[in-house]
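These are the residues of each chain, in order.
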Amino acid sequence: MEETALSSFLSGFATAYFALQAYQLFRRENSSRLQRVVAIIFVQWALFNLKDFLLTVHDYHNQNVHDILVMIDGTSLIGYTCLVYELIHPSWASLRKILWMLLPYIPFFVAWCLWHNDMVIRCYITCLFLAGTIIFLLWLREARHYVRYIHESYSNIDETDISWLRVVAWFFISCQLLWVVISIIRHPLTDCLYYVLSIILWQITLEHVLHQQPVTIEEKDGKEISTTREYAFAQVLPAIIEGEELYLNPTLSIKELAAHVGTNRTYLSDYFTHVQQTTFYDYINRLRIEKKSIPLMQQHPEYTLEQIATESGFQSISTFRRSFQKLKGVMPSEYRKQQ
C-alpha cells in the first residue's frame, strides 16, 4: 500500500510539474518555435501522468487498466521524435506529421479492443522499440550532418550546438528500457523510478531549449567548385582575417567572411576543409587563442579567464576552455601556471 501511495504521489507531482512548465513556456515572451513544441510535449506528458494518477489510484493491479496505460504511453515516441527533429530541422514538427505518426498506432488499438490479448501488447511494445531505434539511428545520421554544418559555418556555436543531447539520449534510453520493464512487470517502485527519471530528462532538456537558437541548413551555393581547387582568395585570406582582427567578432560566420573576401560560403568552406584541413569554427578559435588569448595571459596576469575569453571573441568561458584544451592539450588555467 505504501509503494502504491508513493507511486500515486509521484504521478500527481509529475502531472503538476509538466503542467506548470508548459504554462510558463506558453506565457514566455518571444518564445521560439522550439519552445512552443516543447510546451505541447509537456502538455502531453502532463496528461500521461494525470491518467496514471486517476486510473491507478483506485485500481492499480487491474490488467485491462495496465494495458490501456501501456497503449497510451507508447504514443510518447511521437513527442520525442518531434523534439529531436525540430532541433536539427526548424519547423519540422507539424500537425500533419503528428497525424501521420499516429496512424501506425490505430491497428494496435483496434486489435486490443477486439481481443484483449497479451500478444497484442507484446507486439505493440516490440514494434515501438524497433521504431524508436530506427528513428534514433536516422536522426543520428542527420545530426552528424547538422553538427558538421554549424562547425563549418559559425565561429561560436554555444546556442546552436546539440551536444547536450548526448546526456538526454542516455536518459531517454534509460526511460524507454524502464518503460519496457514496467509494461511487462508492473510494480509501483518501477513506476516511481520512471516518474523521477522522466522529470530529470525533461528538466535537462528544458534548460537547454530555453537558450537554443534554431539553425536552418542552407543548400550549397550554386557556383561550381574548381576541380583543381585553385582558391583565388587563399593568399589574401589570412591577411584579411588577422590584419582586420575579424576573429575577434564573436558572431562571425563563414557567410560574412565569404562576403568580405568576395567569394561564396561553399567555396570558402571547401577551402578550410581541403586546404587548411580544419573547420571554420576551429580555424577562427585557433586564431583567437594564439593571437589574443595567450598574449593577454602573458601581458595581463591580473585578468580573469572570463575577461580573456570575452576579449578574445568567445561568447562563453566554457567554449574558451574547450577550444584551448583542444589546441594546447591543457586547460587555460594550467597553461597559465606553466608560464
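Residues numbered from 1 in each chain as written. Predicted model: local features only at pLDDT ≥ 70, side-chain atom pairs only at ≥ 80, totals over all residues. Heavy atoms only, no water.

Caption draft 1: Quick look at the overall build of the protein. Counting its secondary structure elements, the protein contains 16 helices and zero strands. The C-alpha radius of gyration computed for the protein amounts to 25 Å, which surpasses the reference 20 Å derived for 339 residues by more than 25%, pointing to a less compact arrangement than a globule. Viewed in the frame of its principal axes, the protein has a C-alpha envelope of about 75 × 50 × 35 Å. Residue burial in the protein is summarised as follows: out of 339 residues, 45% are buried. Taking all contacts inside the protein whose residues are at least 6 apart in sequence as the whole, residues at least 24 apart take part in 71%. Carbon and sulfur atoms make up 61% of the accessible area of the protein, which totals about 18,200 Å². Of the charged side chains in the protein, 28 are positive and 32 negative, and the gap between their average positions amounts to 4 Å. (Helix = DSSP H or I, 4+ residues; strand = E, 2+ residues; numbered from the N terminus. Rg over C-alpha atoms; globule rule 2.2 N^0.38 Å. Buried < 20%, exposed > 50% of the residue type's maximum accessible area, 1.4 Å probe, protein only. Contact = heavy atoms within 4.5 Å. Areas by Shrake-Rupley, 256 points an atom, 1.4 Å probe, with all protein chains shown as cover. Lys, Arg positive; Asp, Glu negative; His and termini not counted. Charge placed at Lys NZ, Arg CZ, Asp CG, Glu CD.)

Caption draft 2: Representation of a nonpolar patch on the surface within the structure. On the surface, F26, I40, V43, L47, L50, F53, L54, L55, I68 and I72 cluster together into a nonpolar patch covering about 820 Å² of accessible area. Those elements that provide at least two residues to the nonpolar patch are α2 (33-56) and α3 (63-73). A total of seven residues in the nonpolar patch trace back to one element, the largest contributor, which is α2. With respect to the element layout, L54 can be found in helix α2. On the basis of relative accessible area, L54 is assigned to the partly exposed category, the value being 48%. (Patch = residues over 30% accessible without salt bridge, like charges linked within 9 Å, V, L, I, M, F, W, Y side chains within 5 Å. Salt bridge = Lys/Arg side-chain N within 4 Å of Asp/Glu carboxyl O.)

Caption draft 3: Spatial organisation of the pattern of salt bridges. Taken as a whole, this structure holds six salt bridges when the rule is applied. D52 is the partner of K51 in a salt bridge, and the nearest nitrogen-oxygen pair spans 2.6 Å. Note on accessibility: K51 and D52 belong to one class, buried. Between D282 and K326 there is a salt bridge, with its nearest N and O atoms 2.9 Å apart. In this pair, D282 is assigned in helix α13 (residues 280-299) and K326 in helix α15 (residues 317-328), connecting sequence segments 44 residues apart. Residue class for K326 comes out exposed when judged on its relative accessible area of 61%. Here the salt bridges do not stand alone but share partners, grouping K51, D52 and D73 into one network.

Caption draft 4: Focus on the packing of α3 against helix α8 (residues 165-184). One way to put it is that α3 packs onto α8 with a least axis distance of 10 Å and a crossing angle of 155°. Put simply, α3 runs roughly antiparallel to α8. As for the relative orientation of α3 and α8, their crossing is left-handed in sense. Residues H66, V70 and D73 of α3 form the contact with α8, whose participating residues are W179, I182 and S183. Counted by class, the contact of α3 with α8 contains three nonpolar, two polar and one charged residues. (Axes fitted to C-alpha atoms, helices over the stretch in contact; angles between N-to-C directions. Parallel < 35°, antiparallel > 145°, perpendicular 65-115°, else oblique. Left-handed = near helix turned anticlockwise from the far one by under 90°. Nonpolar A, V, L, I, M, F, W, Y, C, P; charged D, E, K, R; others polar.)

Caption draft 5: Structural context of the environment of R166. Summarising the element assignment, R166 is placed in helix α8. On the basis of relative accessibility, which here comes to 63%, the residue R166 falls in the exposed class. The sequence separation of R166 and R36 amounts to 130 residues, and the corresponding C-alpha distance is 22 Å.

Caption draft 6: Structural detail: unusual backbone geometry. Unusually for a residue other than glycine, H116 sits at a positive phi of about 50°. Along the chain, H116 falls in the loop between α6 (105-115) and α7 (118-153). Positive phi outside glycine occurs at E245, with the angle close to 50°.

Caption draft 7: Quick peek at the nonpolar core. One finds F18, F42, W45, W139, Y194 and W202 to be the most contacted residues of the largest nonpolar core, which totals 64 residues. Elements with a minimum of two residues in this core: α1 (2-27), α2, α3, α4 (76-88), α6, α7, α8 and α9 (188-209). Counting residues per element, this core draws most heavily on α7, at 10 residues. One finds L237, I240, I254 and V261 within the second-largest nonpolar core, a separate group that totals 20 residues. (Core = buried A, V, L, I, M, F, W, Y, C linked by side-chain atoms within 4.5 Å.)

Caption draft 8: Looking closely at the state of the cysteines. Here the structure, examined in full by the defined rule, presents zero disulfides. Its sulfur unpaired, C127 is 6.3 Å from the next cysteine sulfur, which belongs to C123. (Disulfide = S-S within 2.5 Å.)

Caption draft 9: Region of the structure containing the packing of helix α11 (residues 254-261) against helix α12 (residues 265-274). Look at α11 against α12: their axes get within 9 Å of each other, and the N-to-C directions meet at 100°. When the axes of α11 and α12 are compared, the pair comes out roughly perpendicular. For the pair α11 and α12, the contacting residues are I254, L257 and A258 in the first and R265, L268, S269 and F272 in the second. Of the residues belonging to the contact of α11 with α12, the class tally is five nonpolar, one polar and one charged.

Caption draft 10: Summary view of the packing of aromatic side chains. As enumerated under the stated definition, the model contains 25 aromatic pairs in all. Ring geometry for Y17 against F42: centres 6.4 Å apart, planes inclined by 45°, an arrangement best described as tilted. Placement of the pair is Y17 in helix α1 and F42 in helix α2, with a sequence separation of 25 residues. Here Y17 matches F42 in class, with each residue buried. Above the plane of the ring of W92 lies K97, whose end atom (NZ or CZ) is 5.2 Å from the centre. Against the face of F314 rests R288, its NZ or CZ located 5.6 Å from the ring centre. (Phe/Tyr/Trp six-rings, centres within 6.5 Å; stacked < 30°, edge-to-face > 60°. Lys NZ or Arg CZ within 6 Å of the ring centre and 35° of its normal.)

Keep in mind these values describe shape, not function.
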